[in-house]
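Descriptive analysis of the structure
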Amino acid sequence: MKNILAIYPGSFDPVTNGHLDLIERGAKIFDRLVVSILRNFDKEPLFTVEERAEMLREVTRPWPNVEVDLFSGLVVEYARLREAKVLLRGIRAVSDYEYELQMAMMNRKLNPDVETVFMMPAVKYSYLSSRLVREIAQLGGSITDLVPPVVEERLRAKVL
Ligand code: PNS
């Protein structure tokens, strides 16, 4: 019996309903899913990695086969250490594809044992991104329906 561990890497600053949709899909397909937050995020983050991990742990509690972790360095090296065979990435629109393909091919070159698997979130999340959520929250717009309630609360507190 195969026991497939998949890693869903990203910055998750913050986790959105689009990410959660993908986590739900991934948790159904793979035996175990590790949502892994990149530590050395070069852009100026809104939430610290610890805050992002706390929010992710809270919103992924319904799935017993989903774990939240942090990583630094190359994602394929982290996958090797975790003995994961799959990297899960979401593709919302054709515009995501070029960058995702480039990363998938480079990751394959770096470690041919790790397979990138793309999944599509529900269409209603196809225009959703953490960057837009941060911007809308900072400018006082409504982010209800875009992020889980715990993230909405934390965002409101952060931008007050
Ligand atoms: O949510 P994001 O910001 O699109 O996630 C990008 C992420 C974290 C998956 C990507 O930047 C990454 O894997 N970084 C780790 C460093 C690495 O392995 N770089 C080479 C990728 S080809």
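Coordinates for the structure precede this section.
Small disclaimer: the values here were computed from a predicted structure and weren't measured. (Residues numbered from 1 in each chain as written. Predicted model: local features only at pLDDT ≥ 70, side-chain atom pairs only at ≥ 80, totals over all residues. Heavy atoms only, no water.)

1. Concerning a nonpolar patch on the surface
A grouping of Val94, Tyr97, Leu101 and Met105 is seen on the molecular surface, where their side chains present a nonpolar patch of about 390 Å² in accessible area. By the element assignment, Met105 lies in helix H4 (residues 94–110). (Patch = residues over 30% accessible without salt bridge, like charges linked within 9 Å, V, L, I, M, F, W, Y side chains within 5 Å. Areas by Shrake-Rupley, 256 points an atom, 1.4 Å probe, with all protein chains shown as cover. Salt bridge = Lys/Arg side-chain N within 4 Å of Asp/Glu carboxyl O. Helix = DSSP H or I, 4+ residues; strand = E, 2+ residues; numbered from the N terminus.)

2. As for the pattern of salt bridges
Here the structure, examined in full by the defined rule, presents 13 salt bridges. Arg82 is the partner of Glu67 in a salt bridge, and the nearest nitrogen-oxygen pair spans 2.8 Å. With Glu67 in strand E3 (residues 66–71) and Arg82 in helix H3 (residues 75–82), this pair connects stretches of sequence that are 15 residues apart. Arg82 sits in the partly exposed class, given a relative accessible area of 24%. Taken together, the shared-partner salt bridges in this structure form one network comprising Asp13, Arg52 and Arg134. (Buried < 20%, exposed > 50% of the residue type's maximum accessible area, 1.4 Å probe, protein only.)

3. Looking at the packing of aromatic side chains
The description of an aromatic ring pair uses the distance of the two centres, along with the angle that the planes make with each other. A complete count under the given rule lists two aromatic pairs for this structure. On the numbers, 5.2 Å between centres and 85 degrees between planes, the contact of Tyr8 with Phe12 is edge-to-face. On the numbers, 5.0 Å between centres and 25 degrees between planes, the contact of Phe71 with Tyr78 is stacked. The exposure class of Tyr78 is buried, given its relative accessible area of 7%. (Phe/Tyr/Trp six-rings, centres within 6.5 Å; stacked < 30°, edge-to-face > 60°.)

4. Structural notes on helix H1 (residues 17–29)
In a regular helix each residue adds 1.5 Å, so 13 residues correspond to 18 Å; H1 covers 19 Å between its end C-alpha atoms and thus fits that length. Within H1, the full set of buried residues consists of Asn17, Gly18, His19, Leu20, Asp21, Leu22, Ile23, Gly26 and Ala27. For H1, the N-terminal capping position is held by Thr16, with its side-chain oxygen 3.1 Å away from the main-chain nitrogen of Gly18. (Expected span 1.5 Å × (residues − 1). Polar contact = N/O pair within 3.5 Å; in protein donor to acceptor, adjacent residues only side chain to side chain.)

5. Remarks on the environment of Thr16
Tracing the chain through its elements places Thr16 in the loop between strand E1 (5–10) and H1. Overall, the relative accessible area of 3% leaves Thr16 in the buried class. Counting along the chain gives 40 residues from Thr16 to Leu56, while the straight-line C-alpha distance between them is 9.6 Å.

6. Observations concerning the side chain of Asn17
Along the chain, the position of Asn17 falls in helix H1. A polar contact of 2.9 Å, which involves the side chain of Asn17, links it to the backbone oxygen of Asp145.

7. Focus on unusual backbone geometry
For the peptide bond that leads from Asp13 to Pro14, omega is 0 degrees, which places it in the cis range. Considering the arrangement of structural elements, one finds Pro14 in the loop between E1 and H1. Phi at Phe12 is positive, roughly 45 degrees, even though this residue is not glycine. Looking at the secondary structure, you find Phe12 in the loop between E1 and H1. Of note, the phi angle at Glu83 is positive, near 60 degrees, even though the residue is not glycine. If you trace the backbone, Glu83 turns up in the loop between H3 and strand E4 (86–90).

Interpretation in functional terms is not warranted from these geometric data alone.
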